Amino acid sequence: MTQASSLPGVTRAPGLSFRKAQWRMLLAAMFCYLFFYTGRQTFGFAIPGLKEEFGFSSAALGWVSAVLLWAYAVGQAINGNLADKYGGRRIMTAGAVLSCGANGYFQALGWAPGSRLISNWWGISERGRAYGLYVFAAGCASVLSYVTSIVVIDVMHLDWRWIFRLPVLLMLVGGIVFYLLARERPEDMGFEPLADTGVANADDASKALEGDTETSWQRYKAVLKNKRLLIAALSLGFQNAARYGLIVWVPVHFLGVDWKSGDGMIDPKWITIALPVGMAVGALSNGWISDRLFGSKRYLAIMLYTGLGALTSLWMWTLPAHSAVGLVALFLCGFFVYGPASSFWALCPDLVGAKRSGTATGVMNFSSYLFAGLAEPMIGSVLDATGDTSLIFVIVLIACSCSALVALFIRR
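Residues numbered from 1 in each chain as written. Predicted model: local features only at pLDDT ≥ 70, side-chain atom pairs only at ≥ 80, totals over all residues. Heavy atoms only, no water.

(A) Just the overall build of the protein chain, in detail. If you tally the helices and strands in the protein chain, you get 17 helices and 0 strands. When the 412 residues of the protein chain are sorted by exposure, 57% land in the buried category. In the protein chain, of all internal contacts separated by at least 6 residues, the share reaching a separation of at least 24 is 83%. Accessible area of the protein chain: about 15600 Å², with a carbon and sulfur share of 68%. (Helix = DSSP H or I, 4+ residues; strand = E, 2+ residues; numbered from the N terminus. Buried < 20%, exposed > 50% of the residue type's maximum accessible area, 1.4 Å probe, protein only. Contact = heavy atoms within 4.5 Å. Areas by Shrake-Rupley, 256 points an atom, 1.4 Å probe, with all protein chains shown as cover.)

(B) Fine view of helix H6 (residues 124-155). Counted at 1.5 Å a residue, the expected span for H6 with its 32 residues is 46 Å, and the 45 Å between its end C-alpha atoms agrees. Burial of H6 is extensive: 23 of the 32 residues sit out of reach of the surface. His157 sits one or two positions beyond H6 and adopts a positive phi of about 55°. (Expected span 1.5 Å × (residues − 1).)

(C) Structural context of the pattern of salt bridges. This model, assessed by the stated rule, comprises 10 salt bridges. A salt bridge links Asp188 to Arg185, with the shortest nitrogen-to-oxygen separation between them at 3.5 Å. Given a relative accessible area of 33%, Asp188 falls into the partly exposed group. Looking at Arg185, the relative accessible area reads 37%, which means it is partly exposed. (Salt bridge = Lys/Arg side-chain N within 4 Å of Asp/Glu carboxyl O.)

(D) Highlighting the side chain of Ser99. With respect to the secondary-structure elements, Ser99 resides in the loop between helix H4 (88-98) and helix H5 (111-121). Owing to a relative accessible area of 1%, Ser99 belongs among the buried residues under this scheme. Among the polar contacts listed, one links the side chain of Ser99 to the backbone oxygen of Phe106, at a separation of 3.4 Å. Only 3.2 Å separates the side chain of Ser99 from the side chain of Gln107, close enough to count as a polar contact. Among all residues touching Ser99, those that are not within four sequence positions of it are Phe36, Phe106, Gln107 and Met171. (Polar contact = N/O pair within 3.5 Å; in protein donor to acceptor, adjacent residues only side chain to side chain.)

(E) Highlighting the packing of aromatic side chains. Following the criterion strictly, the structure yields 23 aromatic pairs and no others. A ring pair is formed by Phe18 and Phe191, whose centres lie 5.4 Å apart and whose planes are at 75°; its orientation type is edge-to-face. Linking Phe18 in helix H1 (residues 18-33) with Phe191 in the loop between helix H7 (169-181) and helix H8 (202-207), this pair joins segments that are 173 residues apart in sequence. Across the pair, exposure class does not vary: Phe18 and Phe191 are buried alike. Of the aromatic side chains, those joined through ring pairs into one cluster are Tyr33, Phe36, Tyr37, Trp111, Tyr134 and Trp345. Positioned over the ring face of Tyr179 is Arg89, at 3.9 Å from the centre of the ring. For the cation-ring pair, Arg165 lies above Trp162, with the distance from its terminal atom to the ring centre recorded as 4.8 Å. (Phe/Tyr/Trp six-rings, centres within 6.5 Å; stacked < 30°, edge-to-face > 60°. Lys NZ or Arg CZ within 6 Å of the ring centre and 35° of its normal.)

(F) Spatial organisation of the nonpolar core. In this structure, Tyr33, Trp121, Tyr134, Leu246, Leu330, Trp345 and Met364 are the most contacted members of the largest nonpolar core, which totals 105 residues. Inspection of this core shows a minimum of three residues originating in each of domain 1 (18-191) and domain 2 (219-411). Residue contacts for Tyr134: discarding those within four places in its chain leaves Leu26, Ala29, Met30, Tyr33, Met92, Gly110, Trp111, Gly114, Ser115 and Ile118. Counting residues in each nonpolar core, the second largest holds 5 residues, with Ile289, Ala301, Tyr305 and Phe336 among its members. (Core = buried A, V, L, I, M, F, W, Y, C linked by side-chain atoms within 4.5 Å. Domains from an automatic or database assignment.)

(G) Inspection of the side chain of Ser313 at higher detail. Here Ser313 lies in helix H13 (residues 298-317). At 2.8 Å, the side chain of Ser313 forms a polar contact with the backbone oxygen of Gly309. Each residue touching Ser313, except ones within four places of it in the same chain, is listed here: Cys333, Val337, Phe393, Val396 and Leu397.

(H) Structural view of unusual backbone geometry. Even without glycine at this site, His157 takes up a positive phi of about 55°. For His157, the position within the fold is in the loop between H6 and H7. Taking relative accessible area as the criterion, His157 reaches 62% and is therefore assigned exposed.

(I) Seen up close, the environment of Gly44. With respect to the helices and strands, the residue Gly44 is situated in helix H2 (residues 43-54). Counting along the chain gives 208 residues from Gly44 to Val252, while the straight-line C-alpha distance between them is 6.7 Å.

(J) Layout of the packing of helix H12 (residues 274-292) against H13. One can describe the packing of H12 onto H13 by two numbers: an axis separation of 8 Å at closest approach and a directional angle of 140°. The orientation of H12 with respect to H13, classified from their angle, is oblique. Where H12 crosses over H13, the two elements pack in a sense that is right-handed. Contacts between H12 and H13 involve Gly282, Ser285, Asn286, Ile289, Ser290 and Asp291 from the former and Arg298, Ala301 and Tyr305 from the latter. Residues that form the contact of H12 with H13 fall into these classes: 3 nonpolar, 4 polar and 2 charged. (Axes fitted to C-alpha atoms, helices over the stretch in contact; angles between N-to-C directions. Parallel < 35°, antiparallel > 145°, perpendicular 65-115°, else oblique. Left-handed = near helix turned anticlockwise from the far one by under 90°. Nonpolar A, V, L, I, M, F, W, Y, C, P; charged D, E, K, R; others polar.)

Written out as structure tokens, the structure reads:
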């Protein structure tokens, strides 16, 4: 346990232990990121309205989604390094505030900076659990984005434009609360620096430069020379293509042409909620499994879940869209497809050290959203050509299988 330091001019709240401060930072980052997806994952619910009003094809809307994801990808490559340079607290807050007015690039000011702050407070032995909770918050953000979209179109009876106007206001609240509660490092609250922030592999550790004077170029150079991280980035790319294939197109599959009204015992709009709920729970479980069951060997947890994600996607493909069993299958699909994200993000500080974790997270996320953007117009074109929205799950199956195969080469 980290002990209180005697740093001059730094005081900490009476009775605040390091453990309590640790959880406070994690919960602050989780709370802030809980609202980020209201600016990025509501597009699928707007697609039926856009098609109806303007006659856009699925392929055209796939390109719109791709442009958003690629803008986000570019932002990740830049902003992770900014978090290492200027601190995650300031950059993440800026992302929450700026995303209320513009999206894409500004959304990329959230994830890597929050990850950077968490890596300052949580060491290798507990990092899987910490990142599992952080990714759990991201999964809950998906739930929130789905729920707020449904409320806008089904409860408030507003048109698709309001999906992009109302839910994003929650990010402003999240950003302000985060800035008030969070502190960048243990030293900022009078504690000693965290002892086990290093890397998990001896070979990688010997190459890491841990100095605070490292330049942006040195950080990028060191991260891009890390072969394990680049392999993980490729595996994550396939995993995120599968994830966004579900996030964007599952509402289209379940809502179909009758998107304003649902038939049967369960309204299909509400069946879709099973997907992000499964994603949230899956992320929470995978981080714990990578620490406890696999001894922080993240690639094993990644391979297990992406393999099962492929199998559950195959099951989803065989089910009719309005099936009650589909509720369970969709939950499991989200659980296994998104769950590995916890292990992927814990790999960043594991492989390159905490002081480069923002840059590493940004590079990983660039690959992640590059692949997701490439998949979107492809999915749209397949749906246009076949008219069969269930083929979404075949594409997800292929992407998950590729992710699992590549993850095998991350091993230490």
